[in-house]
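One letter stands for each residue in the lines below.
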Amino acid sequence: MNEIHLTFYQFIPLVEAVYSQEIREQLKFLANGLETVRTIERCFMKKKEGEKPESIEKVFLPRYSNLKWSWYDDGYNYYRNYREIASRNQPIRPLVPLMTKSKKWKIPQTSTPILTSTKKAELSPILIGRIIKKIVIERKEKNVLNFFPFLKSLIQQCNKEKTNAKKSFLAAVFKDPEQIFVQDSDIISFIELNYDDYKKLEFSNQQINRLYHSSIELYVHDKKQVFAVYKEKKHKLLRKRVEKVVSLAFSLKFLIQRMLYKIDEGLLETLGIKEVSEILEFIISSLNPEIYSSREIPKLLPKHYQRMLFRKMSKELNLRKYYSIIQEKIQKKIMDMPAYDASYFFSRNNIFTNRLKDKVILVLAEEPEPELTEKDRLMLEFFVHQYKKEVEDDSLFCLKVSRKQILGSMSRNFIRINIKNWLENKGYPISTFTDNELKKSPVPDVIGRLSTKDLIQIDETEKGKTDLLLCLKEENRFVKKLLI
């Protein structure tokens with residue numbers, strides 16, 4: 001390399017976009033993973049067919065410019081890797097960002113000659129804002145010897161501009177940025193240079209970890225500076241792909257930290273079912289570092305060396321450790337949820353919710369199962385069927401409301417009229433339950449046994465009604481396992 005390239009990142013976690021009413025109309029698709037995929041897919045197809053893609057140019061960042069879809073560089077190569085995932089209506093949030101134009105970054109005069117200095121802003125669908133500032137300096141002996149004072153002065157300049165940069169980003173994404181409180185990151189430095197120049201630098205009192213794959217070497221200094229060292233001239237596209245790995249790793253670090261803080265603050269207890277479900281889906285489909293280096297689903301980083309470097313960066317930044325903490329919190333939240341909320345969340349039925357559901361069911365499976373006769377099991381299955389049916393049809397799912405009766409509540413008469421059709425559809429003999437035993441007062445024996453085992457709840461009806469209401473005992477863990 002004939003130059004030394006410096007990139008400075010300021011990361012702004014924007015997880016509030018999932019549930020905030022203040023998000024701008026043009027960006028509302030970012031609140032929902034599946035809608036994010038559909039929006040990007042529509043834009044991608046129009047771009048591919050030579051049409052003008054959907055525009056969100058009204059989203060303007062003060063001191064920068066309008067946000068636009070970024071299909072140049074490696075955008076197409078990234079997106080084509082999850083076209084199949086997108087077509088199957090999965091909520092994965094692609095890595096194709098919204099980006100402003102590169103503008104001149106004005107910095108005070110320095111003794112080190114600068115070839116170029118630019119700044120731009122980027123909004124990723126995984127809900128991280130990035131302010132990106134780039135400097136290119138000549139590769140000269142004096143520039144190498146004076147490198148660290150020069151680097152320090154540039155970081156100080158970035159720090160002076162941090163507050164205004166964050167305000168610009170929040171003003172672009174939210175209608176009333178004063179209502180949104182976001183903690184942005186420290187300045188992260190990414191430096192690209194050749195191996196000989198790197199050896200000349202003095203690294204006193206710094207913790208240095210070397211990450212490498214093939215001919216690409218990354219040196220991480222105090223978790224704030226990353227040096228990409230190339231022993232031979234590397235193609236510009238390869239360097240961009242390495243930079244994407246570094247940027248993505250730090251993006252996840254600050255997003256996970258932000259989400260942990262919001263959960264510990266009690267965010268999930270203040271929102272409705274719909275918003276909580278969107279947040280949980282955002283976490284499991286976007287923040288899990290394993291999906292970015294996975295060989296299975298999907299290859300969000302298309303090149304092998306990217307996935308290997310990302311895996312090592314994840315380990316260096318403790319991403320898996322912190323994500324496992326947030327995963328445990330999610331699992332506990334679901335275990336403590338009312339069965340209705342958990343059923344609604346898992347009704348989304350995608351690759352990420354299904355994985356989590358399997359883990360929750362394994363935990364619930366450890367609970368001792370009640371002893372049930374064949375008739376008991378069939379009656380319980382009928383109650384579960386009715387409950388799930390009402391969950392799918394419920395129009396109040398996104399509201400925090402107090403219900404007069406639990407979902408799936410039925411009278412004895414309703415059971416007597418409907419259970420035979422259900423038995424027939426399931427392939428069971430319709431004579432399994434007779435009219436006489438279902439008419440038995442106060443409740444049929446099979447209902448009484450299920451109630452004794454704390455699986456069915458018997459409620460009094462409103463005054464003037466002659467029948468009881470029967471429903472599942474939502475708090476029972478065996479019932480919860482059946483529902484999810």
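Located above this text is the structure these notes cover.
Note that the coordinates shown come from a computational prediction; the quantities given were computed from them, not determined experimentally.

Enquirer: Is there a simple way to think about the overall build of the protein in this case?
Expert: A count of helical and extended segments in the protein gives 18 helices and 12 strands. With the principal axes as the frame, the protein shows a C-alpha extent of 100 × 45 × 40 Å. Counting every position in the protein, which comprises 484 residues, the buried fraction comes to 54%. Taking the contacts inside the protein whose residues are at least 6 apart along the sequence as the reference set, 73% of them involve residues at least 24 apart. Split by element, the accessible area of the protein, about 23,200 Å² in all, is 47% carbon and sulfur. Within the protein, one finds 87 positive and 64 negative side-chain charges whose respective centroids are separated by 7 Å.

Enquirer: Even after reading the chapter, I still don't get the packing of aromatic side chains, so can you show me in this structure?
Expert: Geometry of an aromatic ring pair is reported as the spacing of the ring centres plus the angle between the planes. Here the structure, examined in full by the defined rule, presents 14 aromatic pairs. When the centroid spacing of 6.4 Å and the interplanar angle of 35° are considered together, the rings of Trp422 and Tyr428 count as tilted. According to the relative accessible area criterion, Trp422 is buried, its value standing at 5%. In this arrangement the basic side chain of Lys119 is found over the ring face of Tyr64, its NZ or CZ atom lying 4.6 Å from the centre.

Enquirer: I tried to follow the pattern of salt bridges on my own but got confused; where do I start?
Expert: Pairs can form between side chains of opposite charge whenever their charged atoms are close. Applying the stated criterion to the full structure yields 29 salt bridges. In this structure, the salt-bridge partner of Glu265 is Lys262, at a minimum N-O distance of 3.4 Å. Glu265 sits in the partly exposed class, given a relative accessible area of 47%. Of the residues examined, Lys262 reaches a relative accessible area of 11% and is grouped as buried. Linked through salt bridges whose partners overlap, the residues forming this network are Glu16, Arg258, Lys262 and Glu265.

Enquirer: Honestly, the pairing of strand β6 (residues 128-138) in this entry has me stumped. Any pointers?
Expert: For a regular strand, side chains alternate in direction, first toward one face of the sheet and then toward the other. Of all 11 residues in β6, 9 are buried; the element is thus mostly enclosed. Bridge count for strand β1 (residues 3-13) against β6 is 11 bridges, and the pairing is antiparallel. Paired with Tyr9 across the two strands is Ile132, which belongs to β6. By the bridge criterion, 10 bridges tie strand β5 (residues 114-124) to β6 in an arrangement that is antiparallel. Residue pairing for β6: Leu123 is matched across the bridge by Gly129.

Enquirer: Sorry, what's going on with a positive patch on the surface here?
Expert: A contiguous patch of positive charge on the surface is contributed by Arg295, Lys299, Arg311 and Arg320. Relative to the helices and strands, Arg295 is located in the loop between α9 (273-286) and α10 (304-316).

Enquirer: I keep staring at the nonpolar core and nothing clicks. Help me out?
Expert: The nonpolar side chains of a soluble globular protein tend to be buried with one another. In this structure, Met259, Ile283, Tyr292, Met313 and Ile334 are the most contacted members of the largest nonpolar core, which totals 104 residues. With 14 residues, the top contributor of residues to this core is helix α7 (residues 236-264). Apart from residues lying up to four places away in sequence, Tyr292 is in contact with Leu95, Ile126, Leu248, Leu252, Ser286, Leu300, Leu301, Arg307 and Phe310. Residues Tyr344, Met379, Leu468 and Leu483 belong to the second largest nonpolar core, which totals 33 residues.

Enquirer: Please clarify how helix α12 (residues 339-346) should be interpreted in this entry.
Expert: Residues separated by three or four positions in an α-helix point in the same direction, a consequence of the helix having 3.6 residues per turn. Within α12, 8 of the 8 residues are buried, which leaves it mostly tucked inside the rest of the structure. Within the span of α12, buried status applies to Ala339, Tyr340, Asp341, Ala342, Ser343, Tyr344, Phe345 and Phe346.

Enquirer: Mind showing me how you'd approach the environment of Pro125 here?
Expert: Of note, Pro125 is situated in the loop between β5 and β6. C-alpha of Pro125 to C-alpha of Phe346: the two residues are 221 residues apart in sequence and 23 Å apart in space. Setting aside its immediate chain neighbours within four residues, Pro125 contacts Leu30, Thr36, Ile40, Arg93, Pro94, Val96 and Pro97.

Enquirer: Would you mind going over helix α11 (residues 319-336) with me for this structure?
Expert: Taking 1.5 Å of rise per residue, 18 residues should cover 26 Å, and α11 covers 26 Å from first to last C-alpha, within 8% of that figure. Among the residues making up α11, those that are buried are Leu319, Tyr323, Ile326, Ile330, Gln331, Lys333, Ile334 and Met335.

What counts and how
Residues numbered from 1 in each chain as written. Predicted model: local features only at pLDDT ≥ 70, side-chain atom pairs only at ≥ 80, totals over all residues. Heavy atoms only, no water. Helix = DSSP H or I, 4+ residues; strand = E, 2+ residues; numbered from the N terminus. Buried < 20%, exposed > 50% of the residue type's maximum accessible area, 1.4 Å probe, protein only. Contact = heavy atoms within 4.5 Å. Areas by Shrake-Rupley, 256 points an atom, 1.4 Å probe, with all protein chains shown as cover. Lys, Arg positive; Asp, Glu negative; His and termini not counted. Charge placed at Lys NZ, Arg CZ, Asp CG, Glu CD. Phe/Tyr/Trp six-rings, centres within 6.5 Å; stacked < 30°, edge-to-face > 60°. Lys NZ or Arg CZ within 6 Å of the ring centre and 35° of its normal. Salt bridge = Lys/Arg side-chain N within 4 Å of Asp/Glu carboxyl O. Pairing = 2+ DSSP bridges. Patch = residues over 30% accessible without salt bridge, like charges linked within 9 Å, V, L, I, M, F, W, Y side chains within 5 Å. Core = buried A, V, L, I, M, F, W, Y, C linked by side-chain atoms within 4.5 Å. Expected span 1.5 Å × (residues − 1).

Bear in mind that shape data such as this cannot, by itself, settle questions of function.
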